[in-house]
Amino acid sequence: VVITTRLLVSHLSGIRHYEKDIAKVKEEKEKANRAFKRTKSNQEKELKEKEAKGLEKTDSVKAKKEHEIEVKSRNSKPGRREKEFEQEEYYLKEKFESVIESLKIFKNDPLFFKPGSQFLYSTFGFTLLSAVVERVSGQKFTDYMLKMFRDLDMLLTVQDDNEAMIYNRARYYVYNKKGRLVNAPYVDNSYKWAGGGFLSSVGDLLKFGNALLYSYQIGRIKNVDGKLLPGYLKPDTVTMMWTPVPKTEVSWDRDGKYAMAWAVAEKNQEYGCCRQQRHYASHTGSAVGASSVLLVLPEELGSEAMENGLVVPPRGVIVTIICNMQSVSLSSTALKIAREFDKEKWLQ
(Lines give C-alpha, C1' and ligand atoms only; values in the text may rest on other atoms or scores of the structure.)
Protein backbone atom coordinates (compact mmCIF):
# COMPACT_ATOMS: atom_id res chain seq x y z
CA VAL A 1 0.00 0.00 0.00
CA VAL A 2 0.95 3.66 -0.27
CA ILE A 3 0.63 6.04 2.69
CA THR A 4 0.89 9.73 1.77
CA THR A 5 1.48 12.69 4.09
CA ARG A 6 -2.07 13.86 3.30
CA LEU A 7 -3.46 10.57 4.61
CA LEU A 8 -1.32 10.90 7.75
CA VAL A 9 -2.39 14.47 8.46
CA SER A 10 -6.09 13.54 8.10
CA HIS A 11 -5.82 10.27 10.08
CA LEU A 12 -6.72 8.07 7.11
CA SER A 13 -3.49 6.08 7.05
CA GLY A 14 -4.66 2.92 8.84
CA ILE A 15 -1.87 3.23 11.42
CA ARG A 16 -3.12 2.26 14.86
CA HIS A 17 -3.64 4.58 17.81
CA TYR A 18 -2.91 3.36 21.35
CA GLU A 19 -5.32 0.41 21.14
CA LYS A 20 -3.59 -2.55 19.45
CA ASP A 21 -6.68 -4.77 19.13
CA ILE A 22 -8.61 -3.88 15.96
CA ALA A 23 -11.67 -5.80 17.19
CA LYS A 24 -11.95 -3.49 20.23
CA VAL A 25 -11.58 -0.41 18.03
CA LYS A 26 -14.39 -1.60 15.75
CA GLU A 27 -16.58 -2.40 18.76
CA GLU A 28 -16.09 1.09 20.24
CA LYS A 29 -16.88 2.70 16.86
CA GLU A 30 -20.07 0.66 16.49
CA LYS A 31 -21.17 1.62 20.02
CA ALA A 32 -20.57 5.29 19.30
CA ASN A 33 -22.48 5.08 16.01
CA ARG A 34 -25.41 3.32 17.66
CA ALA A 35 -25.54 5.92 20.43
CA PHE A 36 -25.46 8.75 17.87
CA LYS A 37 -28.27 7.16 15.81
CA ARG A 38 -30.40 6.68 18.94
CA THR A 39 -29.92 10.33 19.94
CA LYS A 40 -30.75 11.55 16.44
CA SER A 41 -33.79 9.28 16.22
CA ASN A 42 -35.11 10.52 19.57
CA GLN A 43 -34.63 14.14 18.54
CA GLU A 44 -36.53 13.60 15.27
CA LYS A 45 -39.33 11.76 17.13
CA GLU A 46 -39.74 14.59 19.64
CA LEU A 47 -39.78 17.17 16.84
CA LYS A 48 -42.50 15.28 14.93
CA GLU A 49 -44.61 14.93 18.07
CA LYS A 50 -44.42 18.68 18.69
CA GLU A 51 -45.24 19.45 15.07
CA ALA A 52 -48.26 17.15 15.27
CA LYS A 53 -49.52 19.05 18.31
CA GLY A 54 -48.99 22.34 16.49
CA LEU A 55 -46.54 23.58 19.09
CA GLU A 56 -43.88 26.10 18.20
CA LYS A 57 -40.39 25.76 19.53
CA THR A 58 -39.53 28.95 21.38
CA ASP A 59 -35.97 30.17 21.76
CA SER A 60 -35.98 29.17 25.43
CA VAL A 61 -37.11 25.60 24.62
CA LYS A 62 -34.49 25.29 21.87
CA ALA A 63 -31.81 26.64 24.17
CA LYS A 64 -32.80 24.19 26.91
CA LYS A 65 -32.81 21.24 24.47
CA GLU A 66 -29.40 22.18 23.02
CA HIS A 67 -28.06 22.55 26.56
CA GLU A 68 -29.30 19.06 27.50
CA ILE A 69 -27.73 17.55 24.38
CA GLU A 70 -24.41 19.31 25.07
CA VAL A 71 -24.42 18.12 28.71
CA LYS A 72 -25.06 14.52 27.59
CA SER A 73 -22.33 14.83 24.98
CA ARG A 74 -19.85 16.29 27.46
CA ASN A 75 -20.60 13.68 30.08
CA SER A 76 -20.04 10.82 27.63
CA LYS A 77 -16.70 11.99 26.29
CA PRO A 78 -14.58 11.92 29.48
CA GLY A 79 -15.58 8.28 29.99
CA ARG A 80 -14.24 7.34 26.57
CA ARG A 81 -11.05 9.26 27.24
CA GLU A 82 -10.60 7.67 30.65
CA LYS A 83 -10.84 4.26 28.96
CA GLU A 84 -8.28 5.40 26.41
CA PHE A 85 -5.92 6.48 29.21
CA GLU A 86 -5.86 2.87 30.38
CA GLN A 87 -3.59 2.08 27.40
CA GLU A 88 -0.03 1.30 28.53
CA GLU A 89 1.69 3.34 25.81
CA TYR A 90 0.33 6.58 27.27
CA TYR A 91 2.75 6.01 30.15
CA LEU A 92 5.97 5.22 28.31
CA LYS A 93 9.08 6.24 30.27
CA GLU A 94 11.68 5.41 27.61
CA LYS A 95 13.58 8.39 26.19
CA PHE A 96 14.02 8.35 22.39
CA GLU A 97 16.87 10.35 20.91
CA SER A 98 15.09 10.92 17.58
CA VAL A 99 11.66 10.52 16.04
CA ILE A 100 13.12 7.96 13.62
CA GLU A 101 14.06 5.82 16.61
CA SER A 102 10.57 6.08 18.12
CA LEU A 103 9.03 4.49 15.00
CA LYS A 104 10.08 1.10 16.38
CA ILE A 105 7.05 1.23 18.73
CA PHE A 106 4.60 0.56 15.90
CA LYS A 107 6.49 0.06 12.62
CA ASN A 108 5.99 -3.74 12.57
CA ASP A 109 2.30 -3.60 13.53
CA PRO A 110 -0.31 -4.37 10.86
CA LEU A 111 -2.41 -1.57 9.41
CA PHE A 112 -6.00 -1.53 10.65
CA PHE A 113 -7.40 -0.86 7.16
CA LYS A 114 -6.39 0.06 3.64
CA PRO A 115 -5.02 3.65 3.65
CA GLY A 116 -7.65 6.17 2.57
CA SER A 117 -10.62 3.88 3.19
CA GLN A 118 -11.45 4.76 6.82
CA PHE A 119 -10.79 7.30 9.56
CA LEU A 120 -8.92 6.42 12.76
CA TYR A 121 -7.35 9.10 14.94
CA SER A 122 -3.71 8.10 15.38
CA THR A 123 -1.00 9.75 17.46
CA PHE A 124 1.51 7.37 15.89
CA GLY A 125 0.46 8.57 12.45
CA PHE A 126 1.76 11.98 13.48
CA THR A 127 4.95 10.40 14.83
CA LEU A 128 5.53 9.05 11.31
CA LEU A 129 4.66 12.50 9.91
CA SER A 130 7.34 14.06 12.14
CA ALA A 131 9.86 11.54 10.79
CA VAL A 132 8.98 12.69 7.26
CA VAL A 133 9.61 16.32 8.31
CA GLU A 134 12.93 15.28 9.84
CA ARG A 135 14.11 13.50 6.69
CA VAL A 136 12.93 16.22 4.27
CA SER A 137 14.30 19.15 6.30
CA GLY A 138 17.58 17.47 7.18
CA GLN A 139 17.13 18.66 10.79
CA LYS A 140 15.98 17.12 14.04
CA PHE A 141 12.22 17.47 14.20
CA THR A 142 12.36 19.36 17.50
CA ASP A 143 14.96 21.82 16.14
CA TYR A 144 12.82 22.41 13.06
CA MET A 145 9.75 23.08 15.19
CA LEU A 146 11.56 25.43 17.59
CA LYS A 147 12.72 27.54 14.63
CA MET A 148 9.13 27.69 13.38
CA PHE A 149 7.88 28.68 16.83
CA ARG A 150 10.46 31.47 16.90
CA ASP A 151 9.26 32.74 13.48
CA LEU A 152 5.72 32.79 14.90
CA ASP A 153 6.93 34.65 18.04
CA MET A 154 5.89 31.70 20.18
CA LEU A 155 8.87 31.97 22.49
CA LEU A 156 7.24 30.09 25.39
CA THR A 157 6.45 27.00 23.30
CA VAL A 158 9.00 24.21 23.83
CA GLN A 159 9.24 20.43 23.90
CA ASP A 160 8.16 18.83 27.17
CA ASP A 161 11.63 17.57 28.06
CA ASN A 162 11.71 16.06 31.55
CA GLU A 163 15.41 16.78 32.09
CA ALA A 164 15.35 20.46 31.11
CA MET A 165 14.55 23.25 33.58
CA ILE A 166 11.54 24.96 32.03
CA TYR A 167 10.38 28.21 33.64
CA ASN A 168 6.76 28.15 34.85
CA ARG A 169 6.14 24.54 33.79
CA ALA A 170 2.91 23.46 35.48
CA ARG A 171 2.33 20.34 37.53
CA TYR A 172 -0.12 17.83 36.05
CA TYR A 173 -3.08 16.28 37.86
CA VAL A 174 -5.44 13.32 37.46
CA TYR A 175 -8.34 11.85 39.44
CA ASN A 176 -7.58 8.50 41.03
CA LYS A 177 -10.09 5.64 41.33
CA LYS A 178 -11.49 7.15 44.52
CA GLY A 179 -12.20 10.44 42.76
CA ARG A 180 -9.39 12.31 44.51
CA LEU A 181 -7.06 14.70 42.73
CA VAL A 182 -3.48 13.37 42.65
CA ASN A 183 -0.26 14.12 40.81
CA ALA A 184 -0.09 12.63 37.31
CA PRO A 185 2.38 9.75 36.82
CA TYR A 186 5.78 10.34 35.24
CA VAL A 187 5.89 9.90 31.45
CA ASP A 188 8.38 10.69 28.70
CA ASN A 189 6.77 12.25 25.61
CA SER A 190 9.79 11.84 23.30
CA TYR A 191 7.92 9.08 21.44
CA LYS A 192 5.23 11.55 20.30
CA TRP A 193 6.61 15.10 19.98
CA ALA A 194 4.29 15.81 17.05
CA GLY A 195 1.19 14.27 18.61
CA GLY A 196 1.34 15.74 22.13
CA GLY A 197 4.88 16.52 23.23
CA PHE A 198 5.05 20.33 23.32
CA LEU A 199 4.38 22.79 26.14
CA SER A 200 2.82 26.15 25.38
CA SER A 201 0.93 29.06 26.93
CA VAL A 202 -2.46 30.59 26.10
CA GLY A 203 -0.62 33.67 24.80
CA ASP A 204 1.48 31.64 22.37
CA LEU A 205 -1.51 29.65 21.14
CA LEU A 206 -3.37 32.91 20.51
CA LYS A 207 -0.42 34.06 18.39
CA PHE A 208 -0.56 30.77 16.50
CA GLY A 209 -4.30 31.12 15.89
CA ASN A 210 -3.93 34.73 14.74
CA ALA A 211 -1.07 33.85 12.37
CA LEU A 212 -3.24 31.19 10.71
CA LEU A 213 -6.30 33.45 10.59
CA TYR A 214 -4.22 36.25 9.03
CA SER A 215 -2.85 33.84 6.42
CA TYR A 216 -6.38 32.60 5.70
CA GLN A 217 -7.89 36.08 5.24
CA ILE A 218 -5.07 37.99 3.52
CA GLY A 219 -5.94 36.41 0.18
CA ARG A 220 -9.56 37.61 0.46
CA ILE A 221 -8.77 41.26 1.24
CA LYS A 222 -7.63 43.91 -1.21
CA ASN A 223 -4.07 44.81 -0.31
CA VAL A 224 -4.10 48.58 -0.91
CA ASP A 225 -0.66 49.80 -2.08
CA GLY A 226 0.82 46.48 -0.90
CA LYS A 227 0.91 47.71 2.71
CA LEU A 228 -0.07 44.38 4.22
CA LEU A 229 2.67 41.80 4.76
CA PRO A 230 2.12 38.28 3.42
CA GLY A 231 0.87 35.58 5.78
CA TYR A 232 3.11 32.91 7.27
CA LEU A 233 1.32 30.41 5.01
CA LYS A 234 -0.30 30.94 1.63
CA PRO A 235 -4.08 31.59 1.81
CA ASP A 236 -4.77 28.53 -0.37
CA THR A 237 -2.75 26.37 2.02
CA VAL A 238 -4.82 27.36 5.06
CA THR A 239 -8.04 27.00 3.05
CA MET A 240 -6.96 23.47 2.14
CA MET A 241 -6.09 22.72 5.78
CA TRP A 242 -9.53 23.95 6.86
CA THR A 243 -11.53 22.06 4.24
CA PRO A 244 -13.23 18.86 5.52
CA VAL A 245 -11.85 15.63 4.09
CA PRO A 246 -14.27 12.85 3.00
CA LYS A 247 -14.61 9.74 5.22
CA THR A 248 -13.48 11.61 8.35
CA GLU A 249 -15.23 12.29 11.64
CA VAL A 250 -14.69 14.24 14.86
CA SER A 251 -15.41 12.71 18.26
CA TRP A 252 -15.50 15.99 20.20
CA ASP A 253 -17.69 18.05 17.84
CA ARG A 254 -20.87 16.62 16.29
CA ASP A 255 -20.99 19.50 13.78
CA GLY A 256 -17.44 18.94 12.55
CA LYS A 257 -15.46 16.83 10.14
CA TYR A 258 -11.72 16.28 10.17
CA ALA A 259 -9.59 18.25 7.73
CA MET A 260 -5.77 18.45 7.80
CA ALA A 261 -4.75 18.37 11.47
CA TRP A 262 -7.86 20.44 12.28
CA ALA A 263 -11.49 19.71 13.01
CA VAL A 264 -13.69 21.95 10.87
CA ALA A 265 -17.35 22.93 10.96
CA GLU A 266 -18.66 24.35 7.69
CA LYS A 267 -21.07 27.26 7.31
CA ASN A 268 -24.56 25.85 7.08
CA GLN A 269 -28.22 26.77 7.61
CA GLU A 270 -31.02 24.38 6.69
CA TYR A 271 -34.08 26.47 7.57
CA GLY A 272 -34.93 30.17 7.66
CA CYS A 273 -34.91 31.86 11.09
CA CYS A 274 -33.40 28.68 12.56
CA ARG A 275 -30.02 27.47 13.72
CA GLN A 276 -27.05 28.85 11.83
CA GLN A 277 -23.74 26.98 11.73
CA ARG A 278 -20.72 29.26 11.44
CA HIS A 279 -17.46 28.18 9.86
CA TYR A 280 -14.75 27.52 12.43
CA ALA A 281 -11.67 25.35 12.94
CA SER A 282 -10.60 23.79 16.22
CA HIS A 283 -8.59 21.06 17.89
CA THR A 284 -8.45 19.63 21.36
CA GLY A 285 -5.41 18.29 23.18
CA SER A 286 -5.40 15.42 25.65
CA ALA A 287 -2.36 14.11 27.52
CA VAL A 288 -1.49 12.52 30.85
CA GLY A 289 -2.45 15.23 33.34
CA ALA A 290 -3.43 17.93 30.84
CA SER A 291 -6.21 19.07 28.49
CA SER A 292 -6.42 21.91 25.97
CA VAL A 293 -8.32 23.41 23.05
CA LEU A 294 -7.68 25.99 20.33
CA LEU A 295 -10.62 27.35 18.31
CA VAL A 296 -10.55 29.83 15.41
CA LEU A 297 -13.83 31.51 14.42
CA PRO A 298 -13.18 33.71 11.34
CA GLU A 299 -15.29 36.84 10.94
CA GLU A 300 -17.67 36.79 7.98
CA LEU A 301 -16.28 39.74 6.01
CA GLY A 302 -18.49 41.79 3.71
CA SER A 303 -17.52 42.03 0.03
CA GLU A 304 -17.50 45.85 0.05
CA ALA A 305 -15.10 46.05 2.98
CA MET A 306 -12.79 43.47 1.39
CA GLU A 307 -12.75 45.12 -2.04
CA ASN A 308 -12.10 48.60 -0.65
CA GLY A 309 -9.38 47.44 1.70
CA LEU A 310 -11.30 48.72 4.74
CA VAL A 311 -10.48 45.74 6.94
CA VAL A 312 -7.13 44.51 8.14
CA PRO A 313 -6.72 40.83 9.10
CA PRO A 314 -6.92 38.91 11.32
CA ARG A 315 -10.65 39.42 11.90
CA GLY A 316 -12.48 36.93 14.08
CA VAL A 317 -12.31 35.29 17.49
CA ILE A 318 -9.55 33.00 18.78
CA VAL A 319 -10.20 30.98 21.94
CA THR A 320 -7.65 28.84 23.69
CA ILE A 321 -7.88 27.04 27.03
CA ILE A 322 -5.10 25.06 28.72
CA CYS A 323 -5.89 23.00 31.81
CA ASN A 324 -3.33 21.03 33.84
CA MET A 325 -5.81 18.24 34.55
CA GLN A 326 -6.58 15.11 32.57
CA SER A 327 -9.81 14.35 30.66
CA VAL A 328 -11.42 17.79 30.83
CA SER A 329 -13.82 18.39 27.93
CA LEU A 330 -13.19 21.93 26.68
CA SER A 331 -14.45 22.08 23.08
CA SER A 332 -18.06 23.12 23.80
CA THR A 333 -16.85 25.71 26.32
CA ALA A 334 -14.48 27.23 23.76
CA LEU A 335 -17.24 27.44 21.15
CA LYS A 336 -19.62 29.15 23.61
CA ILE A 337 -16.94 31.71 24.50
CA ALA A 338 -16.21 32.37 20.81
CA ARG A 339 -19.92 32.88 20.06
CA GLU A 340 -20.31 35.32 22.97
CA PHE A 341 -17.36 37.45 21.82
CA ASP A 342 -18.60 37.28 18.22
CA LYS A 343 -22.10 38.37 19.29
CA GLU A 344 -20.62 41.26 21.31
CA LYS A 345 -18.65 42.48 18.27
CA TRP A 346 -21.80 42.60 16.13
CA LEU A 347 -23.71 44.49 18.85
CA GLN A 348 -21.02 47.17 18.86
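Residues numbered from 1 in each chain as written. Predicted model: local features only at pLDDT ≥ 70, side-chain atom pairs only at ≥ 80, totals over all residues. Heavy atoms only, no water.

The protein chain is annotated in an unreviewed UniProt entry as LACTB protein from Nothoprocta pentlandii.

Caption draft 1: Representation of the sheet that holds strand β8 (residues 290-298) within the structure. If you trace the five strands from one edge of the open sheet to the other, you get β5-β6-β7-β8-β9, paired in antiparallel fashion. Each having just a single partner strand, β5 (257-258) and β9 (316-323) make up the two edges of the open sheet. In the sheet, β5 pairs with strand β6 (residues 263-265) via two bridges, with the strands oriented antiparallel. Counterpart to Y258 in the pairing with β6 is A263. With respect to the sheet, helix α8 (residues 202-218) is in contact with β8 and β9, its orientation differing from that of β9 by roughly 150 degrees. (Pairing = 2+ DSSP bridges. Helix = DSSP H or I, 4+ residues; strand = E, 2+ residues; numbered from the N terminus. Contact = heavy atoms within 4.5 Å. Axes fitted to C-alpha atoms, helices over the stretch in contact; angles between N-to-C directions.)

Caption draft 2: Structural view of the layout of surface pockets. Empty space within the second largest pocket amounts to approximately 500 Å³. The greatest single-element share of the lining of the second largest pocket, amounting to six residues, is contributed by helix α11 (residues 331-347). (1 Å grid on protein atoms, 1.4 Å probe; cavity = no way out; pocket = protein on both sides within 12 Å on 5 of 7 lines; lining within 4 Å. Points joined across faces, edges and corners; volume = space filled by probe spheres on them.)

Caption draft 3: Expanded view of the nonpolar core. Counting 42 residues, the largest nonpolar core has F124, W242 and W262 as the members making the most contacts within it. Contributing elements (two or more residues each) for this core: α1 (5-9), α5 (123-137), α6 (141-151), α8, α9 (235-241) and β8. Take this core: its biggest share by element is five residues, from α8. Both domain 1 (1-38 + 78-197) and domain 2 (200-347) contribute no fewer than three residues apiece to this core. (Core = buried A, V, L, I, M, F, W, Y, C linked by side-chain atoms within 4.5 Å. Buried < 20%, exposed > 50% of the residue type's maximum accessible area, 1.4 Å probe, protein only. Domains from an automatic or database assignment.)

Caption draft 4: Seen up close, the pairing of β8. Counting buried positions along β8 yields seven of nine residues, so the element is predominantly enclosed. Looking at chain direction, strand β7 (residues 280-287) and β8 are connected through seven bridges and run antiparallel. Within β8, the residue paired with G285 across the bridge is S292. Examined bridge by bridge, β8 and β9 share eight bridges and lie antiparallel to one another. Bridging across to β9, V293 finds its partner in I321.

Caption draft 5: The arrangement of α8 in detail. An ideal rise of 1.5 Å per residue puts 24 Å on 17 residues; α8 measures up with 24 Å between its terminal C-alpha atoms. Three or more residues of α8 are buried, namely D204, L205, G209, A211, L212, L213, Y214, S215, Y216, Q217 and I218. (Expected span 1.5 Å × (residues − 1).)

Caption draft 6: The environment of N210, seen in detail. Note on placement: N210 falls in helix α8. In this structure, the C-alpha to C-alpha distance between N210 and P313, residues 103 residues apart in sequence, is 8.8 Å. If we skip the residues at most four places from it in the chain, N210 touches P314 and I318.

Caption draft 7: Seen up close, the environment of G285. Mapped onto the elements of the fold, G285 is located in strand β7. Aside from chain neighbours lying at most four places away, what touches G285 is A290, S291 and S292.

Caption draft 8: Region of the structure containing the pattern of salt bridges. Under the criterion given, the structure shown has 14 salt bridges. Measuring nitrogen to oxygen at the nearest pair gives 3.7 Å for the salt bridge that ties K95 to D161. Here K95, found in the loop between α3 (59-84) and α4 (99-102), pairs with D161, found in the loop between β1 (158-159) and β2 (173-175); they are 66 residues apart in sequence, far enough to count as distant. By relative accessible area, which is 31% here, K95 ends up partly exposed. (Salt bridge = Lys/Arg side-chain N within 4 Å of Asp/Glu carboxyl O.)

Caption draft 9: View of unusual backbone geometry. Here the residue pair P313 and P314 is connected by a cis peptide bond, since its omega of 0 degrees sits within 30 degrees of zero. Considering the arrangement of structural elements, one finds P314 in the loop between α10 (303-307) and β9. One non-glycine residue, A261, adopts positive backbone phi at about 70 degrees. For A261, the position within the fold is in the loop between β5 and β6. For A261, a relative accessible area of 25% translates into the label partly exposed. The phi torsion at S327 lies on the positive side, around 60 degrees, for a residue other than glycine. Checked against the element boundaries, S327 lands in the loop between β9 and α11.

Caption draft 10: Broad picture of the side chain of S13. By secondary structure assignment, the location of S13 is in the loop between α1 and α2 (22-52). At a separation of 3.2 Å, a polar atom in the side chain of S13 contacts the main-chain amide nitrogen of I15. Apart from residues lying up to four places away in sequence, S13 is in contact with I3, L7, L8, L111, F113 and P115. (Polar contact = N/O pair within 3.5 Å; in protein donor to acceptor, adjacent residues only side chain to side chain.)

Caption draft 11: Region of the structure containing the packing of aromatic side chains. The tally for this structure, following the rule as stated, stands at 14 aromatic pairs. With a centroid separation of 5.6 Å and an interplanar angle of 45 degrees, the aromatic rings of F119 and Y258 are classed as tilted. Residue F119 is located in the loop between α4 and α5, and its partner Y258 is located in strand β5; the two are separated by 139 residues in the primary sequence. Judged by its relative accessible area of 6%, F119 falls in the buried class. Following the ring pairs from residue to residue traces out a cluster consisting of Y18, F85, Y90, Y91, F106, F124 and Y191. (Phe/Tyr/Trp six-rings, centres within 6.5 Å; stacked < 30°, edge-to-face > 60°.)

Caption draft 12: The confidence of the model for the protein chain, seen in detail. Looking at the protein chain, the pLDDT average stands at 87 and 84% of residues meet or exceed 70. Of all the helices and strands in the protein chain, α3 carries the lowest mean pLDDT, 49, while α1 carries the highest, 98. Segment residues 55-63: pLDDT under 50, and six contacts once partners within four positions in sequence are set aside and those in other chains are kept. Low confidence marks residues 69-79, where pLDDT is under 50. Its contacts with residues over four positions away, or in another chain, come to 13 contacts. (pLDDT = per-residue confidence, 0-100.)

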